[in-house]
Amino acid sequence: MKGIVGRKLGMTQLFDPESGVVTSVTVIEAGPCPVVQVRKPETDGYEAVQLAFEPVAERKISKGELGHLRKTGAGAHRHLVEFRGPSDLNSGDTVTVEIFQPGDKVKIAGIGIGKGFQGTIKRHNFASGPKSHGSHNIRKPGSIGASAWPARVMKGIRGPGRMGGKRATQVGLTVHEIDVERNVIMVKGSVPGPKNGIVEVREEAR
């Protein structure tokens, strides 16, 4: 399993002078990520690689986490992420954007943009009511229960509430370009999360 942790910097467009095609890409600053721990079936019950990202001052993390990071000489890092699956990496190695090549299929996970408390039309794509004169049901959800039975609102009824701010994974993305010197991956299309949000880039199983 190939994977790396990065920070979403935003979106831009790349112009190809030969074909005249303009491609919308998301720019992700990824790595370098030191390998902190390698999980093995005989000791942990599963296979995974634990990567660290974003160096910080030692005072900004707990002593327990700092001791865990120091075992491999990684130093203080703000984020720890596990990538499940078999890997040839060993503790102490460093993962960079060079593990990916233009054209690779990837999936990217992150915390989506929070949109606050929203109604059913925006949150669940409900249809609006009649907008003609006298209507009092333009953006209301309508009936959510019944009378004699069940005489209550059933569990799972879609209603207003907090929208966004949850983990989301975008699949079917393609690596468009890589800048090794600047630790940057450019991916075709949009990925979850706001600018400066932390994202996880994984190879997509074929």
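(A) Spotlight on the layout of surface pockets. Taken as a whole, the largest pocket holds about 170 Å³ of empty space. The wall of the largest pocket is formed by 13 residues, among which G112, I113, A168, P192 and G193 lie closest to the centre. Looking at the lining of the largest pocket residue by residue, the class counts come to 4 nonpolar, 6 polar and 3 charged.

(B) Structural context of the sheet that holds strand β4 (residues 48-55). Pairing is antiparallel across the open sheet formed by 4 strands, whose spatial order is β5-β4-β3-β6. The open sheet terminates on both sides in strands that have one partner only, identified here as β5 (77-84) and β6 (94-95). Bridging between strand β3 (residues 33-39) and β4 involves 4 bridges; their strand directions are antiparallel. By the bridge assignment for β4, R39 is matched with A48. Strands β3, β4 and β5 of the sheet are contacted by helix α2 (residues 63-70), whose axis makes an angle of about 60° with β5.

(C) Layout of the sheet that holds strand β12 (residues 198-203). The 6 strands lie next to each other as β1-β2-β11-β10-β7-β12, forming a closed barrel whose pairing is antiparallel. Taken over all neighbouring pairs, the strand axes of this sheet differ in orientation by 50° on average, direction set aside. Bridge count between strand β7 (residues 105-111) and β12: 5 bridges; the pairing is antiparallel. Bridge assignment links A109 to a residue of β12, and that residue is E200.

The rules behind each value
Residues numbered from 1 in each chain as written. Predicted model: local features only at pLDDT ≥ 70, side-chain atom pairs only at ≥ 80, totals over all residues. Heavy atoms only, no water. 1 Å grid on protein atoms, 1.4 Å probe; cavity = no way out; pocket = protein on both sides within 12 Å on 5 of 7 lines; lining within 4 Å. Points joined across faces, edges and corners; volume = space filled by probe spheres on them. Nonpolar A, V, L, I, M, F, W, Y, C, P; charged D, E, K, R; others polar. Pairing = 2+ DSSP bridges. Helix = DSSP H or I, 4+ residues; strand = E, 2+ residues; numbered from the N terminus. Contact = heavy atoms within 4.5 Å. Axes fitted to C-alpha atoms, helices over the stretch in contact; angles between N-to-C directions.

Such coordinate-based values are descriptive only and should not be taken to indicate function.
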